[in-house]
Amino acid sequence: SFLSLPSAWWTAVAVDKQWEKYKKDFKKMYAADAEEQERYTIFQESLKRIEAGNALGDTVFGLTWTSDRKAHEKHGKGHKKPAGFVATAPEYQKKNPLVGVKAINWRTTDAVTPIKNQGQCGSCWAFSATEAIESQLALTGGDEYSIELSPQQITSCTPSTGTYGSDGCNGGFTEGAYEYVKSAPGLTNSFNIGYQQSLTSQDATVACSTFKDKISTMAGPDAQLSGGYAQVSGYTYATPACTSGACASQDLKKLAAALEETPVSICVNAGAWDDYTGGVMSSSQCGSMAADMQDHCVMATGFNTTAPKPYWIVRNSWASTWGEKGYIYLEYSKNTCGLADDATIPTVTLNLGPEEEAKAAASREAMFHQATNGAHKIVV
């Protein structure tokens, strides 16, 4: 109760205008005085952490809706690899060996769908894989194939056992997601299987059996009725994977070269991301790039080497209310946050006729031209 709290604490809170402003700005309401004391303590810890982080580079950290929240109440992450996982997939081979692109942003094209929101489910790995499959579908088939697919299907239906085992909202990894889609009739669209996990609290993973009929329909005579879907035949690494150790010498040139042609699924150390409010986060602000520090999977959608502080452009799955309208910019000259540790590109299979392929090639060229802001053209 009010009377049981130390009077000194109430005096401190009463004169803390920053706390009062924070509560007002983020519409904070607390059930009891004891809870407010607890939240105020977390808020003070956040202020110290934000100040220390900003001292390591530009002012990229600030107060957010999570600044008074406990770890389990913040945005979901969920990257989890089985112990001893060995990366066996081949390296990505560019179709057009272009070099010299100084800036590219696939976000401005049909190769990148709008920002998604995983909520508090640890399904980042499913979102990252889904987004990468969406991009490959659009780049393989042309902008007509730019559709939103279902991260819920991957979250619920990727098996929890075996080499590629993943565990729904309790975590998984993108390679496991691709292996599941390879074995399924396809990855369906988000209208057929929408996202059903809570966005505001932690809940159990929705069972795959819930969607059994919708998934099997993709392989049957009613496939047209359920709408578009994607088939995956495998995946490649944009740059050789780092699955153990410090990962300090990843080949960033290969990552950039792959990004000249396609967005790329990446997994990172997002330990500092809750406080991010905008700008270019330096490698020292992000912290370790080591393999065992990866806790979140997202998507690299481009880079800008012409900016005063060059940066990678990275898309998150924490809603468009986070960061730079759902995106984060990471220091370009380093393996910032370990973004090149586990960079994958799924292979999407489409049976296109010669005419359709020509149309798709023209669409790819137009998207590339748009992504480079008119600075480059592919000669088809």
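Quick notes on the rules
Residues numbered from 1 in each chain as written. Predicted model: local features only at pLDDT ≥ 70, side-chain atom pairs only at ≥ 80, totals over all residues. Heavy atoms only, no water. Helix = DSSP H or I, 4+ residues; strand = E, 2+ residues; numbered from the N terminus. Rg over C-alpha atoms; globule rule 2.2 N^0.38 Å. Buried < 20%, exposed > 50% of the residue type's maximum accessible area, 1.4 Å probe, protein only. Contact = heavy atoms within 4.5 Å. Areas by Shrake-Rupley, 256 points an atom, 1.4 Å probe, with all protein chains shown as cover. Lys, Arg positive; Asp, Glu negative; His and termini not counted. Charge placed at Lys NZ, Arg CZ, Asp CG, Glu CD. Polar contact = N/O pair within 3.5 Å; in protein donor to acceptor, adjacent residues only side chain to side chain. Salt bridge = Lys/Arg side-chain N within 4 Å of Asp/Glu carboxyl O.

1. Quick look at the overall build of the chain
Thinking step 1. Looking only at helices and strands, the chain has eleven helices and ten strands in total.
Thinking step 2. For 380 residues, the compact-globule estimate of 2.2 N^0.38 gives 21 Å, and the chain sits close to it at 22 Å.
Thinking step 3. Each principal axis of the C-alpha distribution contributes one length, and for the chain these read about 80 × 50 × 40 Å.
Thinking step 4. Residue burial in the chain is summarised as follows: out of 380 residues, 52% are buried.
Thinking step 5. Considering only contacts in the chain between residues 6 or more positions apart, those separated by 24 or more positions represent 78%.
Thinking step 6. For the chain, the computed accessible surface area is about 16900 Å², with 54% contributed by carbon and sulfur atoms.
Thinking step 7. Each charge class in the chain can be summarised by its mean position, and for the 32 positive and 40 negative side chains these summaries are 3 Å apart.

2. Points about helix α6 (residues 174-183)
Thinking step 1. Within α6, seven of the ten residues are buried, leaving the element largely enclosed by the surrounding structure.
Thinking step 2. Among the residues making up α6, those that are buried are T174, E175, G176, A177, Y178, Y180 and V181.

3. Some words on unusual backbone geometry
Thinking step 1. In this structure, K325 is a non-glycine residue whose phi angle is positive, near 55 degrees.
Thinking step 2. One can find K325 in the loop between β8 (311-315) and β9 (327-331).
Thinking step 3. Judged by relative accessible area, which is 61%, K325 ranks as exposed.
Thinking step 4. Even without a glycine there, the phi angle at N373 is positive, about 55 degrees.
Thinking step 5. With respect to the helices, strands and loops of the structure, N373 is situated in the segment after α11 (354-371).

4. Quick word on the environment of W318
Thinking step 1. Checked against the element boundaries, W318 lands in the loop between β8 and β9.
Thinking step 2. Residue W318 is classed as buried on the basis of its relative accessible area of 0%.
Thinking step 3. Sequence separation of W318 and A204 is 114 residues, and the distance between their C-alpha atoms is 19 Å.
Thinking step 4. Setting aside residues no more than four positions away along its own chain, W318 makes contact with H75, G76, K77, K116, N117, Q118, W273, D274 and H296.
Thinking step 5. Within polar-contact distance, the side chain of W318 engages the backbone oxygen of G76 at 2.7 Å.

5. As for the pattern of salt bridges
Thinking step 1. Per the stated rule, a full pass over the model turns up 20 salt bridges.
Thinking step 2. The closest approach of N and O atoms between E36 and K23, which form a salt bridge, is 2.8 Å. Of this pair, E36 sits in helix α3 (residues 33-54) while K23 sits in helix α2 (residues 17-25), and the two are 13 residues apart along the sequence. Of the two residues, E36 and K23, neither departs from the other in class, the shared state being buried.
Thinking step 3. Here E179 makes a salt bridge to K182, at a shortest N to O gap of 3.6 Å. Of this pair, E179 and K182 both sit in helix α6, three residues apart, which is roughly one turn of that helix.
Thinking step 4. Judged by relative accessible area, E179 falls into the partly exposed class, the value being 21%.
Thinking step 5. For K182, a relative accessible area of 40% gives the class partly exposed.
Thinking step 6. Salt bridges sharing common partners tie together E20, K23 and E36.

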